[in-house]
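Observations on the model geometry
Listed below are the residues making up each chain.
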Amino acid sequence: MNETLLPALLGMGTGLALIVAIGAQNAYLLRLGIDGAPRTVLTVVLICALSDAVLILAGVVGIGGLIRAMPEALTVIRFLGAGFLVVYGLMAARRALRPGPGQALVPTEEGPERLGGGSEGGTGTTTIVRGAGTRTSTTLGTAVLTTLALTWLNPHVYLDTVVFLGSVANQQVGEARWWWAGGAVTGSLVWFFALGFGARLLRPVFARPAAWRVLDGLIAVVMIALGASLAFGA
């Protein structure tokens, strides 16, 4: 039991220590979890978790050595990722400084999507109302493409997930490395599901337009700072 459970727990803890941080991917998933449709959120959560699983397993089978031998490829990814992060950050800054109509989840007495508690009569709930003056959720296609870019155009994901986690996993003896990797993959899955669907609990807070401006302002700072750090090789 200890030969399988202990490596799995260590893998989960190490994986969570890397991904539970303020980063571009987490910031985007948080925002999407608040105002996105459940199907869109589920799709993005699965993309994030499956991407992590692929990268972790790639590290276990030794792809990390290949990545270290191809610094030019990481440089190209670094600048593409930096450009994407800065552009997305500027878009978030624009939303924060010049919010358009409907920058809130509108509290109403009844509607198609109830988001908070209230009486059975329908009062006191928070609802997304489709139409003029209300927020429109991110489309599935846009969410998928944005998530793929935030995930795979980040050079740190290759260094941290493939190289670092892969090297730690391969320090385990024999089959224990696979239990370690399984723990890391499980931790990633748990985290992304918790963040994506747990964010929905914040919906009543974002019935106020000012809350969206604050969130978009924070996302802008995170994205632009990460983009600048990538561009200047930090």
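Residues numbered from 1 in each chain as written. Predicted model: local features only at pLDDT ≥ 70, side-chain atom pairs only at ≥ 80, totals over all residues. Heavy atoms only, no water.

1. Things to note about the overall build of the chain
- Helices and strands together make up the secondary structure of the chain, namely nine helices and two strands.
- Its helices and strands in sequence order give the chain the pattern α-α-α-α-α-β-β-α-α-α-α, from N to C terminus.
- Looking at the chain as a whole, 42% of its 234 residues qualify as buried.
- Surface accessibility of the chain: about 11800 Å² in total, with carbon and sulfur atoms responsible for 70%. (Helix = DSSP H or I, 4+ residues; strand = E, 2+ residues; numbered from the N terminus. Buried < 20%, exposed > 50% of the residue type's maximum accessible area, 1.4 Å probe, protein only. Areas by Shrake-Rupley, 256 points an atom, 1.4 Å probe, with all protein chains shown as cover.)

2. A word on the pattern of salt bridges
- Tallying each qualifying case throughout the model produces three salt bridges.
- Note that D216 is salt-bridged to R31, the shortest N-O span being 2.6 Å. Of this pair, D216 sits in helix α9 (residues 209-231) while R31 sits in helix α2 (residues 24-35), and the two are 185 residues apart along the sequence.
- The exposure class assigned to R31 is buried, which follows from its relative accessible area of 6%. (Salt bridge = Lys/Arg side-chain N within 4 Å of Asp/Glu carboxyl O.)

3. As for the side chain of S51
- Checked against the element boundaries, S51 lands in helix α3 (residues 38-60).
- With sequence-adjacent residues up to four places away left out, S51 is seen in contact with T151 and W152. (Contact = heavy atoms within 4.5 Å.)

4. Describing the packing of aromatic side chains
- For the structure shown, the criterion picks out five aromatic pairs.
- With centroids separated by 6.2 Å and ring planes inclined at 55°, the aromatic side chains of W152 and Y158 adopt a geometry described as tilted.
- The class of W152 is partly exposed, set by a relative accessible area of 28%.
- Here the aromatic rings of F193 and F197 are separated by 5.9 Å at their centres, their planes lie at 20°, and the arrangement is stacked. A residue pair is termed a helical-turn pair when its members lie 3 or 4 positions apart in one helix, as F193 and F197 do in helix α8 (residues 176-198) at four residues.
- Overall, the relative accessible area of 30% leaves F193 in the partly exposed class.
- Given a relative accessible area of 28%, F197 falls into the partly exposed group.
- An aromatic cluster is present here, built from Y28, F84 and Y88 joined pairwise through their rings.
- Stacked on the ring of F79, the Lys or Arg R78 has its end atom at 4.5 Å from the ring centre.
- Stacked on the ring of Y88, the Lys or Arg R95 has its end atom at 5.9 Å from the ring centre. (Phe/Tyr/Trp six-rings, centres within 6.5 Å; stacked < 30°, edge-to-face > 60°. Lys NZ or Arg CZ within 6 Å of the ring centre and 35° of its normal.)

5. Concerning α9
- An ideal rise of 1.5 Å per residue puts 33 Å on 23 residues; α9 measures up with 33 Å between its terminal C-alpha atoms.
- Among the residues making up α9, those that are buried are A211, W212, L215, D216, I219, A220, V222, M223, G227 and L230.
- Contacts made by the buried residues of α9 are with α2, α5 (71-97), α6 (140-152) and α7 (155-169). (Expected span 1.5 Å × (residues − 1).)

6. Points about the nonpolar core
- Y28, F192, I219 and M223 are the most contacted members of the largest nonpolar core, which has 30 residues in total.
- When contributions to this core are tallied by element, the ones reaching two or more residues are α2, α3, α5, α6, α8 and α9.
- Setting aside anything within four residues of it in sequence, one finds Y28 in contact with Y88, T138, T142, A143, T146, T147, L150 and M223. (Core = buried A, V, L, I, M, F, W, Y, C linked by side-chain atoms within 4.5 Å.)

7. Notes on a nonpolar patch on the surface
- Where nonpolar side chains cluster on the molecular surface, the patch consists of L57, V61, I63, L66, M70 and W178 and spans about 520 Å² of accessible area.
- By secondary structure assignment, the location of L57 is in helix α3. (Patch = residues over 30% accessible without salt bridge, like charges linked within 9 Å, V, L, I, M, F, W, Y side chains within 5 Å.)

8. A word on the confidence of the model for the chain
- The share of residues in the chain with pLDDT of 70 or more is 82%, and the mean pLDDT across the chain is 82.
- Considering each helix and strand of the chain separately, the mean pLDDT is smallest for strand β2 (residues 125-126), with a value of 40, and largest for α3, with 95.
- For residues 106-134, every residue scores under 50 in pLDDT, and the model assigns this stretch 58 contacts once sequence neighbours within four places are set aside. (pLDDT = per-residue confidence, 0-100.)

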